[in-house]
Amino acid sequence: MECCRRATPGILLLFLAFLLLSSRTARSEEDRDGLWDAWGPWSECSRTCGGGASYSLRRCLSSKSCEGRNIRYRTCSNVDCPPEAGDFRAQQCSAHNDVKHHGQFYEWLPVSNDPDNPCSLKCQAKGTALVVELAPKVLDGTRCYTESLDMCISGLCQIVGCDHQLGSTVKEDNCGVCNGDGSTCRLVRGQYKSQLSATKSDDAVVAIPYGSRHVRLVLKGPDHLYLETKTLQGAKGENSLSSTGTFLVDNSSVDFQKFPDKEILRMAGPLTADFIVKIRNSGSSDSTVQFIFYQPIIHRWRETDFFPCSATCGGGYQLTSAECYDLRSNRVVADQYCHYYPENIKPKPKLQECNLDPCPASDGYKQIMPYDLYHPLPRWEATPWTACSSSCGGGIQSRAVSCVEEDIQGHVTSVEEWKCMYTPKMPIAQPCNIFDCPKWLAQEWSPCTVTCGQGLRYRVVLCIDHRGMHTGGCSPKTKPHIKEECIIPTPCYKPKEKLPVEAKLPWFKQAQELEEGAAVSEEPSFIPEAWSACTVTCGVGTQVRIVRCQVLLSFSQSVADLPVDECEGPKPASQRACYAGPCSGEIPEFNPDETDGLFGGLQDFDELYDWEYEGFTKCSESCGGGVQEAVVSCLNKQTQEPADENLCVTSRRPPQLLKSCNLDPCPARSSIDSAWKACKVLC
């Protein structure tokens, strides 16, 4: 057979050469490693907590140089330091406080996050601008940057993953789980708008539970933020956030920035207490607070041990169950807490045989066949929950719970409750619809509809539910009014050129701006993508693009999409007209309706008088192709009556628009050039 043919001499030579080369390579690696002595023991850790470094040495046994390194490192003491321990870099700076610098003592503070040399010990003299490099290298185990696990070893910044291994690139997910998939927490974001009240000086913005991460709040307006906290032990606290700085509130680091027109609050987490962010009204005008954070899922299903066997001998069965467990209080709670999270899937019960030894009074061992002698344990059985007593704001629903038993034929009968006491009885009542009822939320007022005298201004009033979504269910009786009169103190009889120029609407200003690329930042902002190609190759077409509201999460360096209403300012246009030039052999043709996109929707501009197209002039030719010009008139936008052209802004007069007309060919020339007939009259 073909597979049994003898190998040729050429193939044998190649095989022998391969074996020789492999043996030389293996021998050279053994020789290289053989030049080194064994690795020595690991040194003591450079730190007792917070992550340090340890090293091991080996000796070169050759009279010549050895290939490779004689030192290796590993991380150690990867446990958190107590809060009172302070910053490791700060400790190294303060060690120089009793050493004179240029003949003077200073109190030295650390300079962190040096982009050029993060592993040198740079310190700043307190109360001065003096920055000095007090040592070329920080101690091993010092963090390169404050928001990173990377550490300095022998003066060089080494990458450290969340698994605390040198050279590892593994990172925490947004829930704080190393190399996690983000399934143990959920993103919470929303917006709060303060409502001025003479009887209410403060109000709660949002409750941020224990264990939350990457918290960020931005207040815009004259009001002020402050914090209330409650630890798991019940201790309460308050912080007024009166000035810019970094504070420790119940062992949680809080970074607060105060500006004339806004305040920014950041907490990397995980929070060590429940935080309630409140707003203190200043009384001058409304404020808006935008918030975003990752909330841990604190209730999870936990599988129980097997229940007692259904029989003491002769063979029986036993089951497991699942109970809802509170990770914070370490206790079992009602099942509805776990049902609140769609991510939680209740594990199915497990079944196993038990007590298979024969009973003493029987005639020997009876073989147990699966399901033939299967008697399920008595169990609790509940009727469906009744309807909630309230649609929102908290109500009660109930059900009936009884102990039942099922026989071999599948018949279910009620039995005494003590038979089910091996497992907790299901609750017969529970709270429901505990979320807040929908409430009205009024937006900003529009500009006045006139530039002089008396006019109207409008605002949008939405019914917002507990998730911040637009919904129904608010009482019409309590709805704030959506329009009111407004007065512009400029007399209307003044000449047109002396009237104050009304500020253009934000969308109109946006339409005039140059197209510039926008980068995602820590402030929620609109990020437009590139325009698509024009839908036509000649004439007037359309271009579209996607515009998203996005924010940069600084800790995880990831981008999150936000609802449109969380971004301030006008949303860039997602559609516009485009002109690809005249089509070959045709006179340029335009449709006045298409100028809505091309010129930013000028007909919606909030002024009393504006230009509008009113049809076309008569065609310039009766056949063979002519041109019509669009007629532009100045109209009163409220009455739609023609007005004097001086009342409309000249700079906003639409451009000349032309369209082709009467494109049918003219009659043949021969029928025109025939001889004239005799005239019907003489005079």
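Everything quoted here is computed from the prediction, not taken from an experiment.

Visitor: Teacher, can you tell me more about the overall build of the protein here?
Guide: The helix and strand inventory of the protein stands at 5 helices and 39 strands. Of the roughly 43,400 Å² of accessible surface on the protein, a fraction of 54% belongs to carbon and sulfur atoms.

Visitor: Where do I start with the state of the cysteines in this structure?
Guide: Simply put, disulfide is the name for a covalent bond between the sulfur atoms of two cysteines. Within this structure, the stated rule accounts for 19 disulfides. Residue pairing for C119: its cysteine sulfur links by disulfide to C152, the two sulfurs lying 2.1 Å apart. Across the disulfide from C119 to C152, rotation about the S-S bond amounts to roughly -90°, and the bridge is consequently left-handed. With C119 in the loop between strand 3 (108–110) and strand 4 (121–125) and C152 in strand 6 (residues 151–153), this pair connects stretches of sequence that are 33 residues apart. No difference in accessibility class separates C119 from C152, as the two residues are buried. Shown here is the disulfide that connects C309 with C354, its sulfur atoms set 1.9 Å apart. Taking the torsion about the sulfur-sulfur bond, which here is approximately 85°, the covalent link between C309 and C354 counts as right-handed.

Visitor: In this structure, what is going on with the packing of aromatic side chains? I would like to understand it.
Guide: The full count for this structure, using the stated rule, is 1 aromatic pair. For the pair Y106 and W108, a centre-to-centre distance of 5.3 Å together with 50° between the ring planes defines the contact as tilted. For the residue pair Y106 and W108, the accessibility class agrees, reading buried in each case. It is R47 that lies over the ring of F88; its NZ or CZ is 4.1 Å from the centre. It is R58 that lies over the ring of W36; its NZ or CZ is 4.2 Å from the centre.

Visitor: Sorry, what's going on with the side chain of R89 here?
Guide: Here R89 is to be found in helix 2 (residues 88–94). Those residues in contact with R89, other than ones at most four positions away along the chain, are P110, V111, S112, P118, S120, L121, V138, T142, R143 and C144.

Visitor: Hey, could you run me through the nonpolar core in this one?
Guide: For soluble globular proteins, the rule of thumb is that nonpolar side chains tend to be buried together. Counting 23 residues, the largest nonpolar core has I208, L217, L265, F275 and V277 as its most contacted members. At the level of secondary structure, the elements contributing two or more residues to this core comprise strand 9 (202–208), strand 10 (213–220), strand 11 (224–230), strand 14 (252–258), strand 15 (262–267), strand 16 (274–280) and strand 17 (288–296). Leaving out residues up to four positions away in the same chain, I208 has contacts with V215, L217, M267, L271, A273, D274, F275, V277 and F293. The next biggest cluster of nonpolar side chains, apart from the first, holds 12 residues, and it includes C119, A125, V132 and C144.

Visitor: Help me understand the environment of S183 in this model?
Guide: For S183, the position within the fold is in the loop between strand 7 (156–158) and strand 8 (185–193). S183 sits in the partly exposed class, given a relative accessible area of 35%. Excluding residues within four positions of it along the chain, S183 makes contact with C175, I297 and R300.

Visitor: What exactly am I supposed to notice about the sheet that holds strand 4 here?
Guide: Hydrogen bonds between backbone groups are what pair the strands of a sheet, and the pairing can be parallel or antiparallel. Taken together, the 3 strands give an open sheet; going across it, the order is 3-4-5, and neighbouring strands pair in antiparallel fashion. Looking at which strands have only one partner, the edges of the open sheet turn out to be strand 3 and strand 5 (131–135). Within the sheet, the average angular offset between the axes of one strand and its neighbour, ignoring direction, is 45°. Across 4 bridges, strand 4 lies against strand 5 in antiparallel orientation. Counterpart to Q124 in the pairing with strand 5 is V131.

Visitor: Honestly, the sheet that holds strand 18 (residues 299–303) in this entry has me stumped. Any pointers?
Guide: With antiparallel pairing, 3 strands are arranged side by side in an open sheet as 18-20-21. Only two strands of the sheet have a single neighbouring strand rather than two, namely strand 18 and strand 21 (331–333). Put simply, the sheet's adjacent strands are angled 55° from each other on average, direction ignored. Here strand 18 pairs with strand 20 (residues 322–326) via 5 bridges, running antiparallel. The partner of R300 across the bridge, within strand 20, is Y325.

Visitor: In this structure, what is going on with the environment of S525? I would like to understand it.
Guide: Locating S525 in the fold gives a position in strand 32 (residues 525–528). Each C-alpha atom, one on S525 and one on L552, is 9.6 Å from the other, the two residues being 27 residues apart in sequence. Discounting chain neighbours no more than four positions away, the residues touching S525 are A519, R548, C549, Q550 and C567.

Visitor: Would you explain unusual backbone geometry in this entry?
Guide: What is expected of a backbone is that most residues other than glycine have negative phi and most peptide bonds are trans. Despite not being glycine, L241 has its phi angle at roughly 50°, a positive value. With respect to the secondary-structure elements, L241 resides in the loop between strand 12 (236–239) and strand 13 (245–249). Here N355, not a glycine, exhibits a phi torsion of approximately 50°, which is positive. By secondary structure assignment, the location of N355 is in the loop between strand 22 (351–354) and strand 23 (379–382). Residue class for N355 comes out partly exposed when judged on its relative accessible area of 36%.

Visitor: Honestly, empty space enclosed by the protein in this entry has me stumped. Any pointers?
Guide: Sizing a probe to match a water molecule and rolling it over the atoms shows the empty space that remains. Applying the stated rule across the entire model yields 2 cavities of 30 Å³ or more. In this structure, the largest cavity occupies an estimated 60 Å³ of space. Sorting the residues of the lining of the largest cavity by element identifies strand 10 and strand 17 as the ones contributing at least two each. Here the element with the most residues in the lining of the largest cavity is strand 17; it accounts for 3 residues. Taken together, the residues of the lining of the largest cavity break down into 6 nonpolar, 1 polar and 2 charged.

Visitor: Please explain the confidence of the model for the protein as it appears in this structure.
Guide: Parts of the model with low pLDDT should not have their predicted coordinates read in detail. Summarising the model, the protein shows a mean pLDDT of 77, and 81% of its residues fall at 70 or more. Here residues 364–374 scores under 50 on pLDDT; set against residues more than four positions off or in separate chains, the count is 17 contacts. Segment residues 587–606 is flagged for pLDDT under 50; beyond a separation of four residues in sequence, or across chains, it makes 52 contacts in the model.

Visitor: Help me understand the pairing of strand 14 in this model?
Guide: Looking along a regular strand, one sees the side chains alternate between the two faces of the sheet. Where strand 13 meets strand 14, 5 bridges bridge the pair, whose relative direction is antiparallel. Across the sheet, the residue bridging to L248 is S253, located in strand 14. Hairpin remark: strand 13 followed by strand 14, antiparallel, with 2 residues in the connecting loop; positive phi at D250, about 50°. Pairing analysis gives 4 bridges linking strand 14 to strand 15, with the strands arranged antiparallel. Looking at the pairing, K258 lines up with E263 of strand 15. The turn joining strand 14 and strand 15, which pair antiparallel and follow one another in sequence, is formed by 3 residues.

Visitor: What's the story with the pattern of salt bridges in this structure? I'm lost.
Guide: Proximity of charged atoms lets side chains of opposite charge pair with each other. One pass over the structure, following the stated rule, counts 15 salt bridges. Across the pair K122 and D114 runs a salt bridge, and its minimum N-O distance is 2.9 Å. The partly exposed category is assigned to K122, whose relative accessible area is 26%. Between R548 and E529 there is a salt bridge, with the nearest N and O atoms lying 2.5 Å from each other. In this pair, R548 is assigned in strand 34 (residues 547–553) and E529 in the loop between strand 32 and strand 33 (540–544), connecting sequence segments 19 residues apart. For R548, a relative accessible area of 33% translates into the label partly exposed. Given a relative accessible area of 38%, E529 falls into the partly exposed group.

Rules used in this analysis
Residues numbered from 1 in each chain as written. Predicted model: local features only at pLDDT ≥ 70, side-chain atom pairs only at ≥ 80, totals over all residues. Heavy atoms only, no water. Helix = DSSP H or I, 4+ residues; strand = E, 2+ residues; numbered from the N terminus. Areas by Shrake-Rupley, 256 points an atom, 1.4 Å probe, with all protein chains shown as cover. Disulfide = S-S within 2.5 Å. Buried < 20%, exposed > 50% of the residue type's maximum accessible area, 1.4 Å probe, protein only. Phe/Tyr/Trp six-rings, centres within 6.5 Å; stacked < 30°, edge-to-face > 60°. Lys NZ or Arg CZ within 6 Å of the ring centre and 35° of its normal. Contact = heavy atoms within 4.5 Å. Core = buried A, V, L, I, M, F, W, Y, C linked by side-chain atoms within 4.5 Å. Pairing = 2+ DSSP bridges. Axes fitted to C-alpha atoms, helices over the stretch in contact; angles between N-to-C directions. 1 Å grid on protein atoms, 1.4 Å probe; cavity = no way out; pocket = protein on both sides within 12 Å on 5 of 7 lines; lining within 4 Å. Points joined across faces, edges and corners; volume = space filled by probe spheres on them. Nonpolar A, V, L, I, M, F, W, Y, C, P; charged D, E, K, R; others polar. pLDDT = per-residue confidence, 0-100. Salt bridge = Lys/Arg side-chain N within 4 Å of Asp/Glu carboxyl O.

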